[in-house]
Amino acid sequence: MSASAARLIKPVLYGYFRSSCSWRVRIAFALKGIEYEQKPVNLIKDGGQQLTDQFKAINPMQQVPAVTIDGITLSQSLAIIQYIEETRPEPRLLPADPKQRGQVRIICDIIASGIQPLQNLYVLQKIGAEKVQWAQHFINRGFEALEPILKQTAGKYCVGDEISMADICLVPQVYNAERFKVDMSQFPTIRRLNQTLTEIDAFKVSHPSCQPDTPDDLQA
Amino acid sequence: MCTIHGLKYMIHLPQRRKSSTGVPSEEEPAEQPVLYGYFRSSCSWRVRIAFALKGIEYEQKTINILKDGGQQLTDQFKAVNPMQQVPAVTIDGITLSQSLAIIQYIEETRPEPRLLPADPKQRAHVRIICDIIASGIQPLQNVYVIQKIGEEKVQWAQHFINRGFEALEHILKQTAGKHCVGDEISMADICLVPQVYNAERFKVDMSRFPTIRRLNQTLIEIDAFKATHPSCQPDTPDDLQA
């Protein structure tokens, strides 16, 4: 298949309604105005559908999200989003200035390396009985660092006044924080930014409460 | 001067060119970058490799993450990096943290030699490999986390390294040429070598990962990886020096 023909096929997102990493990709697609197909991978049902051989062939790391796009399959939400950014540049999700871009990436990486991997389903299942305290600990730790950083970098959004990958990472992480009953009163800047962002269409339509695989009792 | 395997030798790295008048222009700030790191921190080592590949001279300020309860926990260092982790870098008048954000900043401001392929699909493969390591493996086996895990820390670390390497082995079989993605050194290689070092420290059975081993073997022979090795840093303890 030619590259241009591959481009005409809608991307496919393998994700889960409540996976914060999948939500990041849904937001990116929505901000870019890219239509895509969703193939839900239920992380809990049947012992976890991400563990099937079928899905392992799509992502050897056996995690969501994974995306098939332009004839290739990608995993790792930030790698996916940066690929989308580089191939569909409008509207931009990274600032033009390298220093501001550095700031965006710091915020993304604090979330995507420093918080979320320590409180995802796989890890919490291994932690066992103390999983809520464990998750709260790592979210608090990361948010305690993010709050002063965002105080410096934020305008209307995480970095200045344009939506970026930092905002894409922040909102799903706040959702996770709320699920784990983290005391958000300590993080006024994070709260303010989240409040603004959750009113934006791309963040609303991609919200876990209204996905194809959202269970009836969790729908908005 | 670096001592490896008992042999002292100079690593000749290309110097950054000064402007013709010898006076730093606006594009060439006079101050060297400063790296706050630790000899054995794999994330710090990634940044050291990137600086070396780019031929950038920099100053190292050691943050001993074990001594005095952990020097990264001082108020002084918290002002440098609120996340209280190494590495952090001061460069071009700003302070950055998060090794991949630092490296991408260096890449974007000092583009030669390139650390990311020109093609977006290959670039994505590089990032997938980096992120599996930087999000999927290393954060689960760093000092902070394994201190919280306690007694079972070795099995815990081995588990996450094995899990990540099982995925990486499969991916690298598809993407690798001479290096992780094709035949050019990239950020994927920069992330791989320090992670293999960690795996060896935790006595992970590397025989199951022949592609990772082969790639690592090639990379550790390269000057930029050798000169930056934990065994020959300013803060390497005497008993761990090569």
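Residues numbered from 1 in each chain as written. Chains lettered and ligands numbered in written order. Predicted model: local features only at pLDDT ≥ 70, side-chain atom pairs only at ≥ 80, totals over all residues. Heavy atoms only, no water.

## Let's talk about the overall build of chain A
Put simply, the rule reads: Going along the chain from the N terminus, every DSSP run of H or I of four or more residues is numbered as a helix, and every run of E of two or more is numbered as a strand. Exposure categories follow from relative accessible area, calculated using a 1.4 Å probe and restricted to protein chains: below 20% of the type maximum is buried, above 50% is exposed, and the middle band is partly exposed. We call two residues in contact when some of their heavy atoms are within 4.5 Å.
Tallying secondary structure elements over chain A gives 10 helices and four strands in all. Going from the N terminus to the C terminus, chain A shows its helices and strands as α-β-α-β-α-β-β-α-α-α-α-α-α-α. Along the first, second and third principal axes, the C-alpha atoms of chain A reach 50 × 45 × 30 Å. Here chain A holds 220 residues, and the buried ones make up 58% of them. The long-range fraction of contacts in chain A, counting pairs at least 24 apart against all pairs at least 6 apart in sequence, stands at 67%.

## Details of the UniProt feature "domain: GST N-terminal" (unreviewed entry) in chain A
Note the cut-off: UniProt positions are given in the numbering used here, feature names are shortened, and annotations may be inferred rather than shown by experiment.
According to UniProt, the "domain: GST N-terminal" (unreviewed entry) feature falls on residues 9–92 of chain A. Strand forms 19% of residues 9–92 of chain A and helix 36%; the C-alpha atoms that close the span are 22 Å apart.

## Notes on the environment of A:Glu35
Residue and element names in this part refer to chain A. Relative to the helices and strands, Glu-35 is located in the loop between helix H2 (20–32) and strand E2 (37–40). A residue is classified by how much of its surface remains accessible, and Glu-35, at 56% relative accessible area, is exposed. Once the C-alpha coordinates of Glu-35 and Leu-121 are considered, the two residues, 86 residues apart in sequence, prove to be 28 Å apart. Each residue touching Glu-35, except ones within four places of it in the same chain, is listed here: Lys-10 and Pro-11.

## Concerning helix H3 (residues 99–109) of chain B
Among the 11 residues that make up H3(B), nine are buried, leaving the element largely enclosed by the rest of the structure. Residues of H3(B) that are buried: B:Ser99, B:Leu100, B:Ala101, B:Ile102, B:Ile103, B:Gln104, B:Tyr105, B:Ile106 and B:Glu107.

## Some words on the side chain of A:Gln119
Within the secondary structure, A:Gln119 sits in the loop between helix H5 (98–115) and helix H6 (121–127). Among all residues touching A:Gln119, those that are not within four sequence positions of it are A:Leu124, A:Ala135, A:Ile139, A:Gln173, A:Asn176 and A:Phe180.

## A short note on the UniProt feature "domain: GST C-terminal" (unreviewed entry) in chain B
Annotation from UniProt places "domain: GST C-terminal" (unreviewed entry) at residues 119–238 of chain B. Between the end C-alpha atoms of residues 119–238 of chain B the distance is 44 Å, and the span holds 64% helix and 0% strand.

## A few points about the sheet that holds strand E3 (residues 34–37) of chain B
All names here are of chain B. Using the following cut-off: For two strands to be treated as a pair, DSSP must find at least two bridges joining them. Fitted lines through C-alpha atoms serve as axes, helices being fitted only where they are in contact, and the angles separating the N-to-C directions of these axes extend from 0 to 180 degrees.
Judged by pairing direction, the sheet is mixed, and its four strands sit side by side in the order E4-E3-E5-E6 without closing on themselves. Sheet topology places strand E4 (59–62) and strand E6 (94–97) at the edges, where each strand pairs with a single neighbour. Taking the axes of each pair of neighbouring strands and ignoring which way they run, one obtains an average angle of 20° across the sheet. Judged from the four bridges that link them, strand E5 (residues 88–91) and E6 form a sheet pairing that is antiparallel. Paired with Val-89 across the two strands is Leu-96, which belongs to E6.

## Focus: the interface of chain A and chain B
Often, the extent of an interface is quoted as the loss of accessible area upon association of its parts. Here is the rule we go by: Throughout, the accessible surface (probe 1.4 Å) given up by two parts as they are put together, summed over both, is called the buried area. Here, a salt bridge means any side-chain nitrogen of Lys or Arg that lies within 4 Å of a carboxyl oxygen of Asp or Glu. N or O atoms within 3.5 Å of each other form a polar contact, as long as, within protein, one can give a hydrogen and the other can take it, and as long as residues adjacent in sequence are counted only when both atoms are side-chain atoms. Ten residue types, Ala, Val, Leu, Ile, Met, Phe, Trp, Tyr, Cys and Pro, are classed as nonpolar, four, Asp, Glu, Lys and Arg, as charged, and the remainder, Gly among them, as polar.
Taken together, the contact between chain A and chain B spans 39 residues of the former and 39 residues of the latter. Taken together, the two surfaces of chain A and chain B that pack against each other cover about 3,800 Å², and 65% of this comes from carbon and sulfur. Ranking the residues of chain A by area buried against chain B places A:Met61, A:Lys99 and A:Arg141 at the top, with a combined share of 17%. Linking chain A with chain B are four salt bridges. Residue B:Glu108 is joined to A:Arg101 by a salt bridge in which the shortest nitrogen-to-oxygen separation is 2.8 Å. Connecting chain A to chain B are 11 residue pairs in polar contact (both at pLDDT 80 or more). Of all the secondary-structure elements, those providing two or more residues to the side of chain A that touches chain B are strand E4 (72–75), helix H4 (77–87), H5, H6 and helix H7 (131–153) of chain A. Per-element accounting of the side of chain A that touches chain B gives the leading share, 11 residues, to H5(A). Residues belonging to the side of chain A that touches chain B are distributed by class as follows: 21 nonpolar, 10 polar and eight charged.

## Brief notes about the UniProt feature "domain: GST C-terminal" (unreviewed entry) in chain A
In the numbering used here, UniProt assigns the feature "domain: GST C-terminal" (unreviewed entry) to residues 97–216 of chain A. Note that residues 97–216 of chain A is 65% helix and 0% strand, and that its end C-alpha atoms are spaced 44 Å apart.

## Brief notes about the packing of helix H8 (residues 165–179) of chain A against helix H9 (residues 188–197) of chain A
Residues and elements named next belong to chain A. Going by this rule: Should an angle lie under 35 degrees it is considered roughly parallel, over 145 roughly antiparallel, and from 65 to 115 roughly perpendicular; all remaining angles are considered oblique.
Interaxial distance between H8 and H9 falls to 10 Å at its minimum, and their mutual angle equals 100°. Between H8 and H9, the crossing angle belongs to the class labelled roughly perpendicular. In this structure, H8 contributes Asp-167, Leu-170, Val-171 and Val-174 to the contact, and H9 contributes Ile-190, Leu-193, Asn-194 and Leu-197.

## Overview of the packing of aromatic side chains
Applicable threshold: Here a pair means two rings of Phe, Tyr or Trp (six-membered ring of Trp) with centres within 6.5 Å. Their orientation is stacked below 30 degrees between planes, edge-to-face above 60, and tilted elsewhere. Charge-over-ring placement is defined geometrically: NZ (Lys) or CZ (Arg) within 6 Å of the ring centre, and within 35 degrees of the ring normal.
Scanning all chains against the criterion turns up 15 aromatic pairs over all chains. Ring centres of A:Tyr122 and B:Phe160 lie 5.9 Å apart, and the angle between their planes is 75°; this geometry places the pair in the edge-to-face category. Note that A:Tyr122 is positioned in helix H6 and B:Phe160 in helix H6 (residues 153–175), a pairing that runs across two chains. With relative accessibility at 0%, the residue B:Phe160 sits in the buried group. Taking the centre distance of 4.9 Å and the plane angle of 50° together, the rings of B:Trp156 and B:Phe160 count as tilted. In this pair, B:Trp156 and B:Phe160 both sit in helix H6, four residues apart, roughly one turn of the helix. Across the pair, B:Phe160 and B:Trp156 agree in class, each one buried. Above the face of the B:Tyr144 ring, A:Arg141 is positioned so that its terminal group lies 3.6 Å from the ring centre.

## Section: the nonpolar core
Spelled out, the test is: Among buried residues, the Ala, Val, Leu, Ile, Met, Phe, Trp, Tyr and Cys ones that are joined through side-chain atoms within 4.5 Å form a nonpolar core.
A:Phe143, A:Leu146, B:Phe165 and B:Leu168 are the most contacted members of the largest nonpolar core, which totals 128 residues. If we ignore the near neighbours within four places in the chain, the residues touching B:Leu168 are B:Ile129, B:Ile132, B:Ile133, B:Ile137, B:Leu192 and B:Ile212.

## As for the confidence of the model for chain B
Residue and element names in this part refer to chain B. To be explicit about the condition: As a per-residue measure, pLDDT tells how confident the predictor is, with possible values from 0 to 100.
Averaged over all residues, the pLDDT of chain B is 91; the fraction at 70 or higher stands at 88%. Residue range residues 1–25 is modelled with pLDDT below 50. Its contacts to residues more than four positions away, or to other chains, number 38 contacts. Note on the complex model: pTM 0.93, ipTM 0.97.

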